[in-house]
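Structural features, examined
This is what each chain is made of:
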Amino acid sequence: MSILGVEVEIFTIGYEGLSIDQFKQIMLNAGVDTLVDVRELPLSRKPGFSKTKLREALVSSGIGYIHMPRLGCPKPVRHQLKEDGDWSAYKVKFLEYLDGQGEEVARLIETASRKNCALMCFEADAMFCHRSLVAKSVKEKAGFTVVHLSKKWLKKVVAEVA
């Protein structure tokens with residue numbers, strides 16, 4: 001999708017293996033101004049990544065925070081993946097669930113049309129996280145370009161600038 005000739009991007013990011021400072025720096029370098037938390041339950045054992053502390057840390061850096069729990073993976077689907085490790089079956093179940101979340105996906109598209117958004121969940125590898133499926137849905141419905149942020153992405157950007 002382009003607005004006034006500019007491609008619209010939606011970013012994804014996982015906080016696995018990152019400190020809160022690294023996490024914020026990657027988003028700031030990407031120009032993200034709004035984090036969309038797509039965890040069903042915005043809790044984390046990792047310090048700084050539960051909803052309230054995360055929101056406070058982001059706001060102090062000029063990044064907004066929105067929680068969209070209906071774009072999170074339902075507990076039964078998550079638990080099935082933990083039991084059998086079958087990513088293909090997980091994708092099928094999550095996409096079936098996501099098909100029923102049209103209003104929330106539309107809300108995400110509307111928000112991402114106005115703000116530079118990053119979808120956040122835990123996993124470092126977006127290809128094995130439901131956020132990539134949410135981002136793909138946004139791409140299919142609205143034509144956004146999807147960019148997966150990571151330490152590797154940041155190193156590439158820094159190398160290109162140097």
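Definitions and cut-offs
- Residues numbered from 1 in each chain as written.
- Predicted model: local features only at pLDDT ≥ 70, side-chain atom pairs only at ≥ 80, totals over all residues.
- Heavy atoms only, no water.
- Pairing = 2+ DSSP bridges.
- Helix = DSSP H or I, 4+ residues; strand = E, 2+ residues; numbered from the N terminus.
- Axes fitted to C-alpha atoms, helices over the stretch in contact; angles between N-to-C directions.
- Expected span 1.5 Å × (residues − 1).
- Buried < 20%, exposed > 50% of the residue type's maximum accessible area, 1.4 Å probe, protein only.
- Arc of directions from axis to C-beta.
- Contact = heavy atoms within 4.5 Å.
- Polar contact = N/O pair within 3.5 Å; in protein donor to acceptor, adjacent residues only side chain to side chain.

Spatial ordering of the open sheet is given by β5-β4-β6-β3-β7, a layout of 5 strands whose pairing is parallel. With partners counted over all chains shown, the strands left at the sheet margins are β5 (64-67) and β7 (145-149), one partner each. Across the sheet, the axes of successive neighbouring strands diverge by a mean angle of 25°, strand direction being ignored. With 4 bridges connecting them, strand β3 (residues 9-14) and strand β6 (residues 117-121) associate as parallel partners. Pairing of T12 across the sheet is with L119, part of β6.

The next subject is helix α4 (residues 87-99). In this model α4 runs 18 Å from its N-terminal to its C-terminal C-alpha over 13 residues, within 8% of the 18 Å that 1.5 Å per residue would give. Every buried residue of α4 is accounted for by W87, Y90, F94 and L98. Down the axis of α4, the sector holding all buried residues measures 65°, keeping them to one side. In α4, the exposed positions angled more than 90 degrees off the buried face are occupied by S88 and D99. Buried residues along α4 sit in contact with α3 (75-84), α5 (102-114) and α6 (130-142). A side-chain oxygen of the first residue of α4 lies 3.2 Å from the backbone nitrogen of S88; this N-cap is D86.

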